[in-house]
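Residue strings, one per chain:
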Amino acid sequence: MYPDEFGYWASAAKAVGYDWSEVAAMGSYYSFGYSLLLIPILKIFTGGVDAYRAAITVNMALMCAGFLLLWCSTGRLFPEISHIKRIFISGIAVFYPAWIFYMQMTLAEALLMFLFAALTYLFIRFIQRPQTGIGVLLAICLVYMYSVHMRSVGIAIAGVFTLLLWGLTDPAKKKVMLVAVGVMALAGLTVVIMKKNVLVSVFAGADAEKLATNDYTSQAWKIREILTPYGFLIFVKEIIAKIFYLGMASYGIVYWALGWCIKKTFHLIKIFAGKKKCIVEVKHWIAVFLLLSFAGEVMICSIYMHGSAKIDCLIYGRYVEFIVPVLIVIGMAVMLQSRWLFPVTLAMGSLSGLMLFLILSVIEKENMEGMRGYFVVGLSYLLDEDNFAPDSFFRNAWILGFFFMILVAGMIRASINIRNAEWLLGIIMVTEAALGLLVSARYTYKVNEVSFVDLIIAEKILENSSAETKVVYLDEGAPEFIDFQQMQLPNIPIHVIKDEAAKTEELGDYLIVCRDTKRKEDFESIYDKHIEANTFILYYHSDLAPRRNEENDEKN
């Protein structure tokens, strides 16, 4: 369990009736949209591990539903592509390694990938046949996506702009468009009210500076810096770095999708300008929406990551990867119909290589260092974090990405030229699955192994707990993974005290400290028992169990 995951569980716990506020206050604010999905899970499954596994099962179901949505969307946009090929390219989209990686944890990214697929499908349906019901669903999906993660505001802006433009170009569509926008405004107001309630009830004890980390207010200084000549130049390079990441992580397929979006958008502009006489199709509007969504999310991600000292923040993929599966089905459909498959692929691969010079120049000028692979899943396959060298890493990432670009192009060409050879597209899916599991084994499974051993802390507390049990965590500046313990103790709030404020009378029946605490001798003189796990030490009294049993006898 990653520390960020607890932020979503904390809001759900508050709604269920648990008090996890002190542990939640150690972190920053997390949007509550995903928490709404976790509330019924916490109601049904009281154990932390069972609830977590249930949430992963829901993620798997959303992944399957995402496949159906992408398959339907492809059929509506590209009806000329055969049924079997649409199945394969939709499978390639949901087997995107980052989706496999995020599906196995309770971060919001897996839900966002599903929601963007749903949003795209609803957009297609609404434009093809404007109906009030579909418009309302579209508006709710758009706002709910924003409530899941505030950095998806780029999607919301793109959606509103596309809807307004679409509705205002045809008076017959104006009424249904205004209904959708009105529902969107009402839902948006509801989200604002709910956010204020979550801040007060769940994160009220959080440090103001930490609380602002995930909010818009902390980005003002970055925007001011970007508006300077030097800052703007760096900002442009940061945008290019993220485009490089998305291109390499998707084996170049995103490049094809962006090319299609740009082409269709220019067609639409020419139609409205009277320079081109043809019927406006649903493809034109979806291209506008996807292009604006891509541009908005890349810019927002670049603003949030601007000024960071870590190299992974330069190519940061986590905030933009949720739009990739939709772009993959678009890109694959375009590649299946392209007459210039290999020349364009080679040109895109070469252009990506040129991007490396800009990326490395930013790293050198800004003295950036360090790479956290779990934030750049699509380029982490060859990453050696212990012996990280930026030049060789990016060179190898580009070579591997270029190889996959050629492999994908080759499989597509073979599936076209060889009769009944659509199954060759399955090679791409198998490759993606292998890469997704490789990254999961490197990060997620290792964290799970650590957490499994740390379960002995919560299990020991649950052996002898009662309604009056007091569990205290001593915060010595390393709060990672204490949230996992709180999740295993849903009915027992963990009280957090600072090291400098710790006094003997404040320590509870159980005291949890980090393994590297410098006060082991102090605590061993207060408690006569302790157990050690991977991350924590639990101190407690040997007579605690009999004392609790006596209390229970007196009550009976």
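For the structure given in this document, a descriptive report is provided here. (Residues numbered from 1 in each chain as written. Predicted model: local features only at pLDDT ≥ 70, side-chain atom pairs only at ≥ 80, totals over all residues. Heavy atoms only, no water.)

**Brief notes about the state of the cysteines**
- Summed over all chains, the structure comprises zero disulfides.
- Note on C313: no disulfide assigned, nearest cysteine sulfur contributed by C301 at a separation of 8.6 Å. (Disulfide = S-S within 2.5 Å.)

**Examining the pairing of strand β3 (residues 510-514)**
- Within β3, five of the five residues are buried, leaving the element largely enclosed by the surrounding structure.
- Side chains Y510, I512 and C514 of β3 all project onto a buried face; the interleaved residues L511 and V513 project onto the opposite face, where all are buried too.
- Relative to β3, strand β1 (residues 471-475) runs parallel, the two sharing three bridges. Within the sheet, the bridge partner assigned to V471 lies in β3 and is Y510. (Buried < 20%, exposed > 50% of the residue type's maximum accessible area, 1.4 Å probe, protein only. Helix = DSSP H or I, 4+ residues; strand = E, 2+ residues; numbered from the N terminus. Pairing = 2+ DSSP bridges.)

**So, the sheet that holds β1**
- One open sheet holds the five strands; their spatial order is β2-β1-β3-β5-β4, and the pairing between them is mixed. Each edge of the sheet is formed by a strand with only one pairing partner; in this case those strands are β2 (494-498) and β4 (529-532). Recorded for the sheet is a direction-independent mean angle of 25° between the axes of neighbouring strands.
- Inspection of the sheet shows β3 paired to strand β5 (residues 536-540) by five bridges, in the antiparallel sense. Pairing of I512 across the sheet is with L538, part of β5.
- Where helix α20 (residues 444-463) meets the sheet, it contacts β1, β3, β4 and β5, and its direction lies at approximately 20° from that of β5. (Axes fitted to C-alpha atoms, helices over the stretch in contact; angles between N-to-C directions. Contact = heavy atoms within 4.5 Å.)

**What to know about the packing of helix α4 (residues 48-77) against helix α16 (residues 324-337)**
- Viewed as axis vectors pointing N to C, α4 and α16 meet at an angle of 40°, and their least axial separation amounts to 10 Å. One finds that α4 runs oblique with respect to α16. Regarding α4 and α16, the two cross each other, and that crossing is right-handed. For the pair α4 and α16, the contacting residues are L70, T74 and L77 in the first and P325, V326, V329 and I330 in the second.
- Across the contact of α4 with α16, the residue classes tally to six nonpolar, one polar and no charged. (Parallel < 35°, antiparallel > 145°, perpendicular 65-115°, else oblique. Left-handed = near helix turned anticlockwise from the far one by under 90°. Nonpolar A, V, L, I, M, F, W, Y, C, P; charged D, E, K, R; others polar.)

**Looking at empty space enclosed by the protein**
- Taken as a whole, this structure holds seven cavities of 30 Å³ or more when the rule is applied.
- Reported here for the largest cavity is a volume of approximately 70 Å³.
- Lining the largest cavity, in full, are M248, Y251, G378, L379, Y381, L382, F393, A397, L400, G401 and F404.
- Ranked by residue count, the leading element in the lining of the largest cavity is helix α18 (residues 390-417), at five residues.
- Taken together, the residues that form the lining of the largest cavity break down as nine nonpolar, two polar and no charged. (1 Å grid on protein atoms, 1.4 Å probe; cavity = no way out; pocket = protein on both sides within 12 Å on 5 of 7 lines; lining within 4 Å. Points joined across faces, edges and corners; volume = space filled by probe spheres on them.)

**Digging into a positive patch on the surface**
- A contiguous patch of positive charge, built from K263, K270, K275, K276 and R339, is present on the exposed surface.
- Along the chain, the position of K276 falls in the loop between α14 (253-272) and α15 (282-305). (Patch = residues over 30% accessible without salt bridge, like charges linked within 9 Å, V, L, I, M, F, W, Y side chains within 5 Å. Areas by Shrake-Rupley, 256 points an atom, 1.4 Å probe, with all protein chains shown as cover. Salt bridge = Lys/Arg side-chain N within 4 Å of Asp/Glu carboxyl O. Lys, Arg positive; Asp, Glu negative; His and termini not counted. Charge placed at Lys NZ, Arg CZ, Asp CG, Glu CD.)

**Notes on a nonpolar patch on the surface**
- Taken together, F161, L165 and L292 make up a surface patch of nonpolar side chains, about 240 Å² in accessible area.
- Position of L165 among the secondary structure elements: in helix α9 (residues 153-168).
- Assessed through its relative accessible area of 31%, L165 is described here as partly exposed.

**Some words on the packing of α9 against α15**
- Put simply, α9 and α15 touch, their axes get as near as 8 Å, and they point 150° apart. Here α9 lies roughly antiparallel to α15, going by the angle between them. By crossing handedness, the relation of α9 to α15 is classed as right-handed. Contacts between α9 and α15 pair V153, G154, I155, A158, G159, F161, T162, L165 and W166 from the former with W285, V288, F289, L292, S293, G296, E297 and I300 from the latter.

**Quick look at the packing of aromatic side chains**
- In the structure shown here, the tally under the stated rule is 23 aromatic pairs.
- Centre to centre, the rings of F403 and F404 are 5.6 Å apart; their planes meet at 55°, and the pair counts as tilted.
- Among the residues examined, F403 registers a relative accessible area of 49% and is labelled partly exposed.
- According to the relative accessible area criterion, F404 is buried, its value standing at 9%.
- Chaining the aromatic ring pairs together yields one cluster made of Y316, Y319, Y374, F375 and Y443.
- For the cation-ring pair, R151 lies above Y304, with the distance from its terminal atom to the ring centre recorded as 4.0 Å. (Phe/Tyr/Trp six-rings, centres within 6.5 Å; stacked < 30°, edge-to-face > 60°. Lys NZ or Arg CZ within 6 Å of the ring centre and 35° of its normal.)

**Observations regarding the nonpolar core**
- Counting residues in each nonpolar core, the largest one holds 196 residues, and the members touching the most others are W9, F116, L119, M332 and F394.
- When residues in this core are grouped by element, the largest group, 16 residues, is from helix α7 (residues 109-128).
- When near neighbours in sequence (up to four residues on either side) are disregarded, M332 contacts I89, I92, I253, V408, I412, L425 and I428.
- Counting ten residues, the second largest nonpolar core, distinct from the first, contains L507, V513, Y527 and I537. (Core = buried A, V, L, I, M, F, W, Y, C linked by side-chain atoms within 4.5 Å.)

**Observations regarding helix α5 (residues 83-94)**
- The end-to-end C-alpha distance of α5, which contains twelve residues, comes to 17 Å, matching closely the 16 Å that a straight helix rising 1.5 Å per residue would cover.
- Among the twelve residues that make up α5, nine are buried, leaving the element largely enclosed by the rest of the structure.
- When we look at burial in α5, the residues that qualify are K85, R86, F88, I89, S90, G91, I92, A93 and V94. (Expected span 1.5 Å × (residues − 1).)

**Regarding the side chain of K283**
- Within the element layout of this structure, K283 appears in helix α15.
- One buried charged side chain, K283, makes no salt bridge at all; its nearest oppositely charged neighbour is E80, positioned 4.0 Å away.
- Excluding residues that lie within four positions of it along the chain, K283 makes contacts with L77, F78, E80, W260 and K264.

**Quick look at unusual backbone geometry**
- Of note, Y251 is a non-glycine position whose phi angle comes to about 60°, a positive value.
- Within the secondary structure, Y251 sits in the loop between α13 (229-249) and α14.
- On the basis of relative accessible area, Y251 is assigned to the buried category, the value being 4%.
- Although it is not a glycine, N420 sits at a positive phi angle of roughly 55°.
- Secondary-structure assignment places N420 in the loop between α18 and α19 (425-442).

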